[in-house]
Amino acid sequence: MSEYIIKNGHVFDPVQGIKGDKKDIAIKDGKIADKVSSAAKVIDAAGKTVMAGAVEIHAHIAGPKVNLGRIYRPEDKLFSCTPTKGMERMGGGASIPTTFKTGYEYAKMGYTTAMEAAMPPLFSRHVHEEIRDTPIIDEAAFPVFGNNWFVLEYLKNQEIENTAAYCAWLLKATKGYAIKVVNPGGTEAWGWGLNCLTVNDPVPYFDITPAEIIRGLIEANEYLGLPHSMHIHPNNLGNPGCYETTLDTLKLAEGYKAKNKFGREQVLHLTHTQFHSYGGTNWGDFESKAKEVTDYVNANKNITIDTGNVTLDETTTMTADGPFEHHLTGLNHLKWANVDVELETAAGVVPYIYSPNISVCAIQWAIGLEIPLLMKDPMRCYITTDHPNAGPFTRYPRVIKWLMSAKARETQINAFKHKDKVLSQTAIGTMDREISLYELAQMTRAGPAKSLGLSGMCGGLAPGMDADVAVYNFNPEKPVANPDDIEKAFSRCAAVFKSGVQVVSNGDIVSNGNKRTLWVNVKVKDNPQVTRDIKEKFIKYYSMTQNNYEALGHHFIPNPYALEVDAT
Amino acid sequence: METVTITLKNAPALYLEADTISPDAFAGKTAAKIAELPVFEGNVPSTLGKYFEVSGDAGATAADTKIIVKGDVKKVKYIGFKMTAGELVIEKTADQYVGAWMKGGKILARGDVGAFAATAMKGGELVVEGNAGNYLGAAYRGDWRGMSGGKILVKGNAGSDIGMYMLGGEIVVNGNADVHVMTHAEGGKTIIKGNAASKLGGQMVDGTIIIFGSIEVMMPGFKPNGEVELEVDGTKAKFAHFIGDMGERHKKKKGVVVYGNLYKKI
């Protein structure tokens, strides 16, 4: 394999504590190396910023609901198509790009690893086919567990060991990565025309509460010792006053400690925190509760979060929180699509326009930025847009601009139609913190990698780690004349390496790399009861046979990378 | 105003996507430069000059530019695409998307126009002396933002699904219209001087349909609301008034529910 040396760049690497020192980064055989031979190809990074490849912890980029969005929103591709160019195949779509465009856009921004945040287990084969067709970036998918009939039945009887055995089986069958929970109990309740808006609302028929599901899945997760923690989209998303449900959810993690061999410290990851930090009783007195939520997270080290920044774009919302999407279409009257996934989950899709002229949207924008600005430890708070729910992931450079420049935030605040409302309902106008490049590397590299249990592999530039490296046309020694220069620099990398292969040069794709599908292979003790339960449910309820369920083989996962866990 | 005449000399084998035939793209260019403007034949990039003889230089701005399109352009799409000002005359029948997304200026089509003419039109004027195809003044596939301004006059007949998701502006059809008129509309007005087939105003939230001739099948979601005397396009007459679509959501204005209106000449 080729050798490279990236010379004289300003390196930001939280894994080694390097804060912008001029350093050479050597790449050999796909890994970061101590040194390389004189034959190594030299990449001149003088006056540039060098970081590890970024890690996306939560995005909806593959699978049936993403594709449903693509199918029912042809207008999303209108005027956004890019023709074939060099290595690049044609692509299209703004908020729900094609698989190829998804891979290219992530790579061009310096991202080399991404997590698909909600995989319906029954459709894992489809998820993996799309992952396979997304070039360059390493990907993994989180199967959803929070409304799954097996989980609800086992946890009702407090059978943690059986829950864990079932989770292990499902992760293996679907080639999944982590335990994802979406509106626990609420999506199942919606099958009965109901929802769970607090952690104590009982799920019809199953007679279990969201609190019991959340605690049970944390326990199952730690029983197995998975690389990532239970990853939750709590109940009551997006409603005024929902922060109380969020705090109730976070409190359920009290007393639990992470148990794993991957260096992960949290037991609960709260996703798209922005959507869960709302105060007020209606859309008129809607206000930010970012402080209340981040105060709690700051004080409790066993929690990590991601932001879910609103980017003020037209986008497509999609979530396994079926009742929420139905609620949303009632608010904006735009087209609604829904899918039920037998025994397991559901999903809804609705287009949404975050308009800077609507006060609620502007307040949501502010809350999304308040959260990272209030977080004391950037290793526990990661930048996301919950793509495409709060905005497309292609807007990360803009979010970075807002975080790194108080002036850029001020410009945006002044551009809002209801500026006074934004200033009275949030604290964004009083915040002068500017995220440093080192903190940015924590929030987009080292932090999410650690939370995902991948800290030995990616998110850093220590010798022995995967050679995922991004070089930005950004000189940290020069003052920023115009905040838009930040956005420009982080939009298109000067160079990107993925596992030692150069995939981007001067903003263009030059290789499709060596994309891998990450999954977690957990060994558990033989559990005849769970094996029998699975068999029985397939015979009794599923519309497909167990033989057709599993995602495996070259067609679905041509280049797998399994993280081995022994829970026997 | 300067006039540029383009005359088809080599008919394309496949459909030609010529979204550069507009006063905006021509403005400030000489005939030679205009001939270099990009077009697609199928998926092959090409130039306008390969298919058209270009004579005359354009004005400095779109508003100062008039384009006359001569020859058989029934396999040419997107004429007048996104135009904002100036004039465009198409002498013979053109294919789909004439005047699509147009914002201003005037298009006169002396023959027929294909489907999707004036898609999501925002302003300006489109006059069709022949017939218009389906989806005249409609929203793009999947989109909920249809025609929002401007005026369309069709002297012949119009196809199906005209004014779908219409938000504003006016469509006048002197002849007949096929099924689906102003489906999902939330504003705007469509006048049909001839007859209509069926499904007028399906899922209509707001807006107005006026029909002079017969309606083959009336939507069950429309409710009789008395008779009114109206003056439409200089004609004074009595019309039966219907409101609907009753199966759709409706906004309130000053406490009063606003419905879509359908007037049928008695």
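My aim in this report is to walk through the structure given alongside it, one point at a time. Because the structure is predicted, anything quoted here is derived from the model rather than measured. (Residues numbered from 1 in each chain as written. Chains lettered and ligands numbered in written order. Predicted model: local features only at pLDDT ≥ 70, side-chain atom pairs only at ≥ 80, totals over all residues. Heavy atoms only, no water.)

1. Regarding unusual backbone geometry
Residues His387 of chain A and Pro388 of chain A are joined by a peptide bond in cis, for which omega reads -5°. For Pro388 of chain A, the position within the fold is in the loop between strand E18 (381–382) and helix H12 (396–404). Its identity is not glycine, yet Lys82 of chain B carries a phi of approximately 60°, on the positive side. Along the chain, Lys82 of chain B falls in the loop between strand E7 (76–77) and strand E8 (87–90). Although it is not a glycine, Ala118 of chain B sits at a positive phi angle of roughly 55°. Tracing the backbone shows Ala118 of chain B in the loop between strand E9 (106–109) and strand E10 (125–128). (Helix = DSSP H or I, 4+ residues; strand = E, 2+ residues; numbered from the N terminus.)

2. Focus on a nonpolar patch on the surface
A surface patch of nonpolar side chains, amounting to about 390 Å² of accessible area, comprises Trp192, Leu194 and Tyr205 of chain A. Accessibility expressed as a relative area gives 46% for Leu194 of chain A, which makes it partly exposed. (Patch = residues over 30% accessible without salt bridge, like charges linked within 9 Å, V, L, I, M, F, W, Y side chains within 5 Å. Areas by Shrake-Rupley, 256 points an atom, 1.4 Å probe, with all protein chains shown as cover. Salt bridge = Lys/Arg side-chain N within 4 Å of Asp/Glu carboxyl O. Buried < 20%, exposed > 50% of the residue type's maximum accessible area, 1.4 Å probe, protein only.)

3. Section: helix H5 (residues 160–174) of chain A
Residues and elements named next belong to chain A. Under the 1.5 Å per step criterion, the end-to-end length of H5 is 21 Å for 15 residues, consistent within 8% with the ideal 21 Å. Counted residue by residue, H5 has 12 buried out of 15 residues, so it is predominantly covered. Within H5, the full set of buried residues consists of Ile160, Asn162, Thr163, Ala164, Ala165, Tyr166, Cys167, Ala168, Leu170, Leu171, Ala173 and Thr174. Looking at the residues trailing H5, positive phi occurs at Lys175, about 55°. (Expected span 1.5 Å × (residues − 1).)

4. Focus: empty space enclosed by the protein
Residue and element names in this part refer to chain A. Taken as a whole and judged by the stated rule, the model has three cavities of 30 Å³ or more. The computed volume of the largest cavity comes to approximately 100 Å³. Lys65, Pro120, Val341, Ala346 and Ala347 are the residues nearest the centre of the largest cavity, which is lined by 13 residues in total. For the lining of the largest cavity, the elements supplying multiple residues, two or more each, are helix H1 (64–72), strand E7 (111–119), strand E16 (337–341) and strand E17 (345–353). Looking at the lining of the largest cavity, the element that brings in the most residues is E17, giving three residues. Across the lining of the largest cavity, the residue classes tally to 11 nonpolar, one polar and one charged. Estimates place the volume of the second largest cavity at around 50 Å³. Where the lining of the second largest cavity is concerned, the elements lending two or more residues are H12 and helix H15 (437–451). Looking at which element gives the most residues to the lining of the second largest cavity, the answer is H12, with three residues. Looking at the lining of the second largest cavity residue by residue, the class counts come to nine nonpolar, no polar and one charged. (1 Å grid on protein atoms, 1.4 Å probe; cavity = no way out; pocket = protein on both sides within 12 Å on 5 of 7 lines; lining within 4 Å. Points joined across faces, edges and corners; volume = space filled by probe spheres on them. Nonpolar A, V, L, I, M, F, W, Y, C, P; charged D, E, K, R; others polar.)

5. Comments concerning helix H16 (residues 484–491) of chain A
Burial in H16 of chain A covers these residues: Ile486, Glu487, Ala489, Phe490 and Ser491 of chain A. Where H16 of chain A is buried, its residues touch helix H2 (99–108), H12, H15 and strand E19 (469–472) of chain A. (Contact = heavy atoms within 4.5 Å.)

6. Section: the interface of chain A and chain B
Facing the 11 residues of chain A at the interface are 10 residues of chain B. Buried surface at the junction of chain A and chain B, both sides included, amounts to about 900 Å², of which 71% is carbon and sulfur. Counting the contacts that link chain A with chain B gives one salt bridge. Note that Glu314 of chain A is salt-bridged to Arg145 of chain B, the shortest N-O span being 2.8 Å. Between the two partners, chain A and chain B, sit two residue pairs in polar contact (both at pLDDT 80 or more). Its residues placed into classes, the side of chain A that touches chain B shows six nonpolar, one polar and four charged. (Buried area = accessible area lost by both parts, 1.4 Å probe. Polar contact = N/O pair within 3.5 Å; in protein donor to acceptor, adjacent residues only side chain to side chain.)

7. Brief notes about the packing of aromatic side chains
Overall, the coordinates contain 35 aromatic pairs over all chains when judged by the stated rule. Between Phe474 of chain A and Phe490 of chain A, the aromatic rings sit 5.8 Å apart at their centres with planes inclined by 45°, giving tilted as the arrangement. Here Phe474 of chain A, found in the loop between E19 and H16, pairs with Phe490 of chain A, found in helix H16; they are 16 residues apart in sequence, far enough to count as distant. As far as the burial class goes, Phe474 of chain A and Phe490 of chain A line up, both buried. When the ring of Trp101 of chain B is compared with that of Tyr140 of chain B, the centres are 5.8 Å apart and the planes differ by 45°; the resulting orientation is tilted. Residue Trp101 of chain B is found in the loop between E8 and E9, and its partner Tyr140 of chain B is found in the loop between E10 and strand E11 (151–154); the two are separated by 39 residues along the sequence. Using a relative accessible area of 18% as the deciding quantity, one classes Tyr140 of chain B as buried. An aromatic cluster of three or more residues is present, and its members are Phe79 of chain A together with Tyr78, Phe81, Tyr97, Trp101, Phe116, Tyr135 and Tyr140 of chain B. Here the basic side chain of Lys77 of chain B rests over the ring of Tyr15 of chain B, its NZ or CZ set 4.7 Å away from the ring centre. Directly above the aromatic system of Tyr135 of chain B lies the positively charged group of Arg141 of chain B, at a separation of 4.7 Å from the ring centroid. (Phe/Tyr/Trp six-rings, centres within 6.5 Å; stacked < 30°, edge-to-face > 60°. Lys NZ or Arg CZ within 6 Å of the ring centre and 35° of its normal.)

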